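Architecture at a glance
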Amino acid sequence: MEAKDVSRRKFLVQGGTAAAAGLTLLHAPFPAWAFPGRPGEEVLLWLDQPPPPPRPEVLQNLPRWEDLDTWLTPNERFFSVAHYNRPLIDKNAWRLEVTGLVRRPLTLTLADLNARPRREVVFTLDCSGNHGLPWLISGIGNARWAGVPVASILEEAGPLENGIEVIFFGADAGEEQVRQLKVRERFVRSMSIADAMNPNNLLCYEMNGLPLPQPNGFPLRLIAPGWYGIANVKWLNRIEVRETRFMGRFMARDYVTIREEPRDGEMVAVETSVGRVRLKSVPARVTRQGERYNIIGAAWGAPIAAVEVRIDDGPWRPATIDHSEEAEFAWKLWSLDWGNLSPGEHSITSRATDVAGNVQPSPDDPQITNKRTYWESNGQVTRRLRVG
Ligand SMILES: Nc1nc2c(c(=O)[nH]1)N[C@H]1C(S)=C(S)[C@@H](COP(=O)(O)O)O[C@H]1N2
Ligand SMILES: [Mo]
């Protein structure tokens, strides 16, 4: 066990440089490409590759799970979602307004934020659309984010008693149609004041030690550890404290999960705004060295207690969770040395269990089958592979 962990860690470390140096290998012949990190080892490509996104401007830089070889996702490999435009912001002209129901409205420059106490959090940003749409299976990445706690800035502004809702404005905007009305709207998400004041939330200006990249929200974004991607407002320039709940597109019209729940013998549709992340895992990549197959994956969304892996309809086998790099809001990487695999096609499924004993639901679990919309698809993921 010990020896295996060590060799895998070495493998993960080597993977970073090997992948960076060997980008041409991405175009190697299907189904496998030799992995130069360890001679004789190959990464097998999944048979069920996702189709390209129909609107490539919305979803950019989606990684392949096969390329997962580091706990932190390098910035240049991080995905980017933009529902409107990706604004190019001049950091000298940019300001953050903190306004609405506050005693002391603030106008802050980037230098003002940089001068305030800094905090870091490693957080895995998971798009709630993952596995809900055929082309979206890898809108996820793990980064070390740095910035100023939202709570410290809100406290500085001093919310008034009647301020119950905090709304976060991105600089990006687009036209929305609401019934007969066409209206230009900014990208906005909100949180209750209690949720917004959570000490983990950051006004984030740095990602993996570098200024926030432009596609990821330069110069400032909200980082809300424990929340789905949608809550993490990019290109942030305005925070407003208000006295009513906010019901914009990304709170109440889109990113709404509809589930049917049994109530007194009948099914009732319940609509909820996409919010906190859910327990999930995926098999990421399979490597072969000689006759031995190794499976690597990730698990996140709750404190992870265990991950199990199943091939075809076989028994669940426990994976080894990598404890070498861990953080409360970060994914855990896991691996399983499967041994031999018979020639032919196989399916590989993983399931995570959290410390409270919750198990990632199977596709036929009512949690999944009663869900009518594609958001928050945290059911067990099966990938297909050909061997031999
Ligand atoms: N301003 C703004 N913030 C946004 C979005 C957006 O379109 N505009 N997309 C959200 C969604 S759906 C996701 S999944 C995350 C993705 O963060 P990333 O682009 O840094 O990967 O950003 C969120 N924040
Ligand atoms: Mo998303």
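The structure presented is a predicted model; accordingly, all values stated were derived computationally and were not measured.

For the rest of this paragraph, the subject is the overall build of the protein chain. The helix and strand tally for the protein chain stands at six helices and 24 strands. Split into buried and exposed, the 388 residues of the protein chain put 52% on the buried side. Across the protein chain, contacts joining residues at least 24 apart in sequence account for 68% of those joining residues at least 6 apart. About 17,600 Å² of surface is accessible on the protein chain, with carbon and sulfur atoms providing 53% of the total.

Attention now moves to the nonpolar core. Ranked by size, the top nonpolar core spans 40 residues in total, and within it Leu 96, Leu 113, Phe 168, Leu 203 and Ile 239 carry the most contacts. Contributing elements (two or more residues each) for this core: strand E5 (96–100), strand E6 (106–108), helix H2 (110–114), helix H3 (150–157), strand E9 (165–178), strand E10 (181–192), strand E11 (202–207) and strand E14 (236–242). Ranked by the residues each element gives to this core, the list is headed by H3, at four residues. Contact partners of Leu 96, with chain neighbours within four places excluded, come to Leu 106, Thr 107, Leu 108, Leu 113, Leu 203, Leu 220, Leu 236, Asn 237, Arg 238 and Ile 239. Ile 295, Val 307, Val 309 and Ala 319 belong to the second largest nonpolar core, which has 21 residues in total.

A few words on the site of ligand 1. Around ligand 1, the structure places 20 residues, and the nearest of them are Phe 79, His 83, Asp 172, Arg 221 and Lys 234. In the model, an oxygen atom of ligand 1 is placed 2.8 Å from a nitrogen or oxygen of the Phe 79 main chain. Asn 216 places a polar side-chain atom, nitrogen or oxygen, 2.9 Å from an oxygen atom of ligand 1. Residue composition of the shell around ligand 1, grouped by class: 12 nonpolar, five polar and three charged.

Spatially, five strands are ordered E6-E5-E14-E9-E10 in an open sheet, and the strand pairing comes out mixed. Here the strands that pair on one side only, and so sit at the sheet edges, are E6 and E10. Averaged over all adjacent pairs, the angle separating strand axes in this sheet is 30°, with direction ignored. Sheet analysis places E5 next to E6, joined by three bridges and oriented antiparallel. Bridge pairing in E6 places Val 98 opposite Leu 106. Against the sheet, H3 makes contact with E5, E6, E9 and E14, and its axis sits at roughly 135° relative to E6, the strand it touches most.

The next subject is the pairing of strand E17 (residues 280–289). Counted residue by residue, E17 has eight buried out of 10 residues, so it is predominantly covered. Both strand E2 (residues 41–44) and E17 contribute to a ladder of four bridges, which runs antiparallel. Across the sheet, Val 43 pairs through a bridge with Thr 287, a residue of E17. Where E17 lies against strand E18 (residues 292–300), nine bridges are found, and the strand directions are antiparallel. Counterpart to Ser 281 in the pairing with E18 is Ala 299. The loop that links E17 with its antiparallel partner E18 comprises two residues; one of these, Gly 290, has a positive phi angle of about 60°.

What follows covers the environment of Thr 109. For Thr 109, the location among the structural elements is in the loop between E6 and H2. When the C-alpha positions of Thr 109 and Ala 93 are compared, they lie 8.4 Å apart, and in sequence the two are 16 residues distant. For Thr 109, the contacting residues outside a window of four places in its chain are Trp 94 and Arg 95.

Looking now at the environment of Asp 112. Note that Asp 112 resides in helix H2. Residue Asp 112 is classed as partly exposed on the basis of its relative accessible area of 28%. Sequence separation of Asp 112 and Arg 95 is 17 residues, and the distance between their C-alpha atoms is 9.8 Å. A polar atom in the side chain of Asp 112 sits 2.9 Å from the backbone nitrogen of Thr 109.

The subject of this paragraph is the sheet that holds strand E20 (residues 317–318). The antiparallel open sheet is built from four strands, whose spatial order is E20-E19-E23-E24. Unpaired on one side and paired on the other, E20 and strand E24 (381–387) mark the two borders of the sheet. As paired strands, strand E19 (residues 304–311) and E20 are joined by two bridges and run antiparallel to one another. Bridge pairing in E20 links Val 309 to Arg 317.

Another aspect to go through is the confidence of the model for the protein chain. Looking at the protein chain, pLDDT values average 91 and 90% of them are 70 or higher. Least confident of the elements in the protein chain is strand E1 (residues 32–35), whose mean pLDDT is 31; most confident is strand E13 (residues 221–223), at 99. Overall, residues 1–37 carries pLDDT values under 50, and its contacts beyond four positions in sequence, including any with other chains, amount to 61 contacts.

This part takes up the pattern of salt bridges. Under the definition given, this model contains 24 salt bridges. Its salt-bridge partner being Arg 144, residue Glu 120 comes within 3.8 Å of it at the nearest N-O pair. Taken together, the positions of Glu 120 in strand E7 (residues 119–126) and Arg 144 in strand E8 (residues 140–149) put the pair 24 residues apart, joining distant regions of the chain. On the basis of relative accessible area, Glu 120 is assigned to the partly exposed category, the value being 40%. Here Asp 195 ties to Arg 276 by a salt bridge, and the two come within 3.0 Å at their closest N and O atoms. Linking Asp 195 in helix H4 (residues 193–196) with Arg 276 in the loop between strand E16 (266–273) and E17, this pair joins segments that are 81 residues apart in sequence. The exposure class of Asp 195 is partly exposed, given its relative accessible area of 22%. Given the relative accessible area of 48%, Arg 276 is considered partly exposed.

Thresholds, definitions, all that
- Residues numbered from 1 in each chain as written.
- Chains lettered and ligands numbered in written order.
- Predicted model: local features only at pLDDT ≥ 70, side-chain atom pairs only at ≥ 80, totals over all residues.
- Heavy atoms only, no water.
- Helix = DSSP H or I, 4+ residues; strand = E, 2+ residues; numbered from the N terminus.
- Buried < 20%, exposed > 50% of the residue type's maximum accessible area, 1.4 Å probe, protein only.
- Contact = heavy atoms within 4.5 Å.
- Areas by Shrake-Rupley, 256 points an atom, 1.4 Å probe, with all protein chains shown as cover.
- Core = buried A, V, L, I, M, F, W, Y, C linked by side-chain atoms within 4.5 Å.
- Near = heavy atom within 4 Å.
- Polar contact = N/O pair within 3.5 Å; in protein donor to acceptor, adjacent residues only side chain to side chain.
- Nonpolar A, V, L, I, M, F, W, Y, C, P; charged D, E, K, R; others polar.
- Pairing = 2+ DSSP bridges.
- Axes fitted to C-alpha atoms, helices over the stretch in contact; angles between N-to-C directions.
- pLDDT = per-residue confidence, 0-100.
- Salt bridge = Lys/Arg side-chain N within 4 Å of Asp/Glu carboxyl O.

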